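Below, each chain spelled out in residue letters.
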Amino acid sequence: MKILLSAIPFDNGKSGISVYIREVVKALESAGHELTLIVEDDGAKEFERFELIRIKKRRALFSMLYSLFILPWRIRWKKYDFCIMLAANRRVFCRYPIFTIAVVHDLSQYHVQVKYDRFRMFYIKHVLPHYVRKAQSIVAISNSTKNDLIKYWHIPEEKITVVYNGFTPQATVETEKLKQILYISRIEHPGKNHLNLLKAFELLPENLRKEYTLVMPGAAWNGAETVFEYARKSPCSGQFKFTGFVDLAKLPELYSQSAMYIFPSHFEGFGLSLLEAMHAGLPCSCSDNSSLGELGQGAAELFDPASPQEIAAAIQKILTDPGYQQELSQKGREKSAQFSWQKTAQGLTGIFLRKQTAIFGVSFFRGTMAEALEKIDKLVKSRQNHHVAFINAHCLNIAYKNMAYKQVLNGCSAVFADGIGAKIGTKILGSRVEENVNGTDMFPLLAQQPYRIYLLGGAPGVAATALEKARAMNGEAEFVGCADGFFQGKSEADVFAEIKALQPDIVLVAMGVPKQEMWINEHLPELPGCVAIGVGGLLDFVSERIPRAPLWMRKCNIEWCYRLYNEPIRLFNRYIIGNPLFIMRVYRSRIWRKK
């Protein structure tokens with residue numbers, strides 16, 4: 001696939017985000033994708049092997065505004081299948097003409113109040129949320145970040161996908177073990193919590209204070225001088241070692257030399273160095289909050305980062321108990337094995353390939369008819385039982401109140417968006433349906449494939465007439481049999497026996513909603529390895545009992561008007577009352593989310 005990647009800001013390759021950008025690009029490259037990168041000057045050399053959209057590195061204010069309002073108009077969007085913004089918590093666009101995945105690493109600013117100045121806090125709290133919401137899909141790199149996106153930026157939960165970071169396993173370095181406690185992080189106060197770590201070290205028993213050194217590699221960032229000043233005045237100053245920024249190639253040696261790893265940060269979107277230390281076999285201890293508690297649960301000693309006493313107790317427990325060290329080392333290796341950059345890249349591209357969105361908690365496919373046919377073909381070839389459904393505004397109105405129906409829809413192998421209602425609803429909620437994928441238009445396309453198809457549903461006689469019309473289409477499909485939806489010509493038991501004998505690939509079930517979905521859900525295990533598709537009134541159209549709207553009305557998305565004209569009494573509630581009710585409910589759900 002042709003993927004456009006926004007790789008700004010790159011922070012001169014010295015931040016966690018720059019590691020994420022570098023490794024995701026490598027993983028996507030190794031998967032064979034064709035990449036174009038948007039980079040500032042500090043990332044141009046790193047990624048010179050790719051096609052680049054290069055922009056001048058500017059001060060933060062101008063970089064934010066340029067990325068937001070000017071850069072999107074420079075891009076030839078049609079060249080790409082989709083776009084990934086690799087650091088959407090730092091830079092965003094004002095428009096997303098193609099499917100865009102916005103990756104948000106963390107919202108630490110809400111947890112560490114003095115992290116940035118007033119201007120940046122305004123940008124983070126009021127500008128970024130508005131434009132991130134416009135992206136078609138949003139990725140959080142941890143459940144902690146996902147929860148923050150819902151709480152602080154009011155992002156709809158169904159629009160967020162958690163795709164964990166990976167890490168690059170380093171080769172084990174054979175080196176002499178030193179009496180050192182390791183913490184790798186930029187020196188940033190108060191966010192990275194070096195001050196409480198220094199205080200915790202001072203609280204250790206005298207023999208441990210004299211025996212061990214606290215090693216803290218990392219570049220100096222905001223507030224670093226406060227940390228350095230405290231360390232200089234500490235009675236344990238001789239045991240504190242600040243090495244400055246350490247190149248990635250030297251990290252394996254640092255891990256191998258150390259006795260344990262500690263990660264006391266007040267907040268992290270993802271603790272990459274924690275996984276690296278676990279992989280290296282170090283017994284680890286970390287904060288019990290944010291993503292650190294998420295990653296460390298069951299594999300590290302957890303503590304409250306605001307308490308130097310708890311940090312000191314965790315360090316002492318590990319350093320004085322060899323058996324516990326071995327236990328944490330083993331559990332850490334098992335935990336780290338669950339993460340890789342290849343999984344991260346697959347997770348990101350998988351979002352585009354799935355093309356899922358949701359309304360009222362009902363998840364459905366928002367792609368094209370051709371893509372929907374590919375999905376059905378894969379389901380058919382699996383030779384297993386699958387349930388496929390279509391949803392429109394009327395279906396979603398039912399699902400809004402009928403929880404059983406909603407659960408059945410969310411358990412389907414595929415759900416497709418049928419009609420203008422789903423298209424309008426997703427647009428209101430910040431997503432987009434690419435094409436009207438309805439059963440009536442899909443039917444002649446299925447008939448062109450070499451499938452065995454069984455027709456089930458409709459009033460007595462309708463299915464039989466539809467079967468004759470379908471066979472007269474001279475397609476590749478073989479229409480093997482039929483039965484009405486009232487089971488008057490054949491009992492339900494007879495129908496199951498016939499279907500088992502005929503072994504169809506697809507059973508089209510036309511009983512109306514929600515009856516057909518509930519029926520399929522109940523009886524799917526009794527069907528012989530086929531795809532059961534709920535198709536509503538399809539057989540009425542195929543049998544020509546009810547005429548379809550002219551092509552021009554279908555293209556204008558007003559086929560519902562024609563149906564209302566033909567059946568005003570039956571469809572009055574569905575369209576005249578139901579459609580406005582649906583739009584009102586969608587707007588109400590959007591307002592509720594913001595609140």
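Relevant structure appears above.
In this text the structure is predicted, and so the values were computed from the model without any measurement.

A. Just the overall build of the protein chain, in detail. In terms of helices and strands, the protein chain carries 26 helices and 21 strands. Oriented by its inertia axes, the alpha-carbon framework of the protein chain measures out at about 95 × 55 × 45 Å. For the protein chain, with 595 residues in total, the buried portion stands at 55%. Put simply, 69% of the contacts in the protein chain that link residues at least 6 apart link residues at least 24 apart. For the protein chain, the distance from the average site of its 74 positive side-chain charges to the average site of its 58 negative ones is 7 Å.

B. Seen up close, the packing of helix 6 (residues 194-202) against helix 8 (residues 224-233). Two elements in contact, helix 6 and helix 8, have axes separated by 9 Å at closest approach and are oriented at 15°. By the angle between their axes, helix 6 is roughly parallel relative to helix 8. In this structure, the crossing between helix 6 and helix 8 has a hand that is right-handed. Contacts between helix 6 and helix 8 pair His194, Leu195, Leu198, Lys199 and Glu202 from the former with Thr226, Val227, Tyr230 and Ala231 from the latter. Classifying every residue of the contact of helix 6 with helix 8 gives 5 nonpolar, 2 polar and 2 charged.

C. Molecular detail of the pairing of strand 12 (residues 284-287). In the sheet, strand 11 (residues 260-263) pairs with strand 12 via 3 bridges, with the strands oriented parallel. Paired with Ile262 across the strands is Ser285, a residue of strand 12. Handedness of the strand 11-helix 10 (residues 272-279)-strand 12 crossover: right-handed. Looking at chain direction, strand 12 and strand 13 (residues 301-303) are connected through 3 bridges and run parallel. Paired with Ser287 across the two strands is Phe303, which belongs to strand 13. The parallel pair strand 12 and strand 13, bridged by helix 11 (residues 290-296), forms a crossover whose chirality is right-handed.

D. Inspection of the packing of aromatic side chains at higher detail. Summed over all chains, the structure comprises 24 aromatic pairs. With a centroid separation of 5.9 Å and an interplanar angle of 75°, the aromatic rings of Trp77 and Phe93 are classed as edge-to-face. Pair noted here: Trp77 is in the loop between helix 3 (60-70) and strand 4 (82-85) and Phe93 is in the loop between strand 4 and strand 5 (100-104), with a separation of 16 residues, a long-range link. Taken as a pair, Trp77 and Phe93 share a single burial class, namely buried. Here the aromatic rings of Phe270 and Phe339 are separated by 6.1 Å at their centres, their planes lie at 70°, and the arrangement is edge-to-face. Linking Phe270 in the loop between strand 11 and helix 10 with Phe339 in the loop between helix 13 (322-336) and helix 14 (341-354), this pair joins segments that are 69 residues apart in sequence. For Phe270, a relative accessible area of 8% gives the class buried. Sitting over the ring of Trp221, Arg186 keeps its end group 4.2 Å from the ring centre.

E. Geometry of the packing of helix 1 (residues 16-30) against helix 14. Packing of helix 1 against helix 14 brings their axes to within 9 Å, and their N-to-C directions diverge by 80°. Regarding the angle of helix 1 to helix 14, the classification is roughly perpendicular. Contacts from Val19, Tyr20, Glu23, Val24, Ala27 and Leu28 of helix 1 reach helix 14 at Trp341, Gln342, Thr344, Ala345, Leu348 and Thr349. Taken together, the residues that form the contact of helix 1 with helix 14 break down as 8 nonpolar, 3 polar and 1 charged.

F. Examining the pairing of strand 4 more closely. Burial of strand 4 is two-sided: the residues Phe82 and Ile84 facing one way and the residues Cys83 and Met85 facing the other way are all buried. Relative to strand 4, strand 1 (residues 2-6) runs parallel, the two sharing 4 bridges. From the neighbouring strand, Ser6 faces strand 4, where its bridge partner is Met85. Where strand 4 meets strand 5, 3 bridges bridge the pair, whose relative direction is parallel. Opposite Met85, over in strand 5, you have Ala102 as the bridge partner.

G. How the structure looks around a nonpolar patch on the surface. A cluster of nonpolar side chains, contributed by Leu61, Phe62, Leu65, Phe69, Ile70 and Phe119, occupies part of the molecular surface with about 550 Å² of accessible area. It is helix 3 that contributes the most residues to the nonpolar patch, 5 residues altogether.

H. Just the environment of Ala224, in detail. Tracing the backbone through its elements, the reader meets Ala224 in helix 8. Judged by relative accessible area, which is 5%, Ala224 ranks as buried.

I. Region of the structure containing the sheet that holds strand 1. As summarised here, the arrangement of the 7 strands in space is 3-2-1-4-5-6-7, forming an open sheet in which the pairing is parallel. A strand with exactly one partner marks an edge of an open sheet, and here the two such strands are strand 3 (51-54) and strand 7 (160-162). Along the sheet, successive strands turn relative to each other by an average axial angle of 25°, direction set aside. Sheet topology places strand 5 next to strand 6 (residues 137-140); 4 bridges connect them, and they run parallel. Looking at the pairing, Val104 lines up with Ala140 of strand 6. Where helix 1 meets the sheet, its contacts fall on strand 1, strand 2 (34-39), strand 4 and strand 5, and the angle it forms with strand 2 comes to roughly 160°. This element, helix 14, spans strand 1, strand 4, strand 5, strand 6 and strand 7 of the sheet and lies at about 145° to strand 5.

J. Layout of the state of the cysteines. Considering all chains together, one arrives at 0 disulfides under this definition. A disulfide-free cysteine, Cys286 has its sulfur positioned 7.7 Å from the sulfur of Cys284, the nearest such atom. Unpaired in terms of disulfides, Cys482 finds its nearest cysteine sulfur in Cys530, a separation of 16 Å. Under the relative-accessibility criterion, Cys482 is labelled buried at 14%.

Calculation notes
Residues numbered from 1 in each chain as written. Predicted model: local features only at pLDDT ≥ 70, side-chain atom pairs only at ≥ 80, totals over all residues. Heavy atoms only, no water. Helix = DSSP H or I, 4+ residues; strand = E, 2+ residues; numbered from the N terminus. Buried < 20%, exposed > 50% of the residue type's maximum accessible area, 1.4 Å probe, protein only. Contact = heavy atoms within 4.5 Å. Lys, Arg positive; Asp, Glu negative; His and termini not counted. Charge placed at Lys NZ, Arg CZ, Asp CG, Glu CD. Axes fitted to C-alpha atoms, helices over the stretch in contact; angles between N-to-C directions. Parallel < 35°, antiparallel > 145°, perpendicular 65-115°, else oblique. Left-handed = near helix turned anticlockwise from the far one by under 90°. Nonpolar A, V, L, I, M, F, W, Y, C, P; charged D, E, K, R; others polar. Pairing = 2+ DSSP bridges. Right-handed = clockwise from strand over helix to strand, strands pointing away. Phe/Tyr/Trp six-rings, centres within 6.5 Å; stacked < 30°, edge-to-face > 60°. Lys NZ or Arg CZ within 6 Å of the ring centre and 35° of its normal. Patch = residues over 30% accessible without salt bridge, like charges linked within 9 Å, V, L, I, M, F, W, Y side chains within 5 Å. Areas by Shrake-Rupley, 256 points an atom, 1.4 Å probe, with all protein chains shown as cover. Salt bridge = Lys/Arg side-chain N within 4 Å of Asp/Glu carboxyl O. Disulfide = S-S within 2.5 Å.

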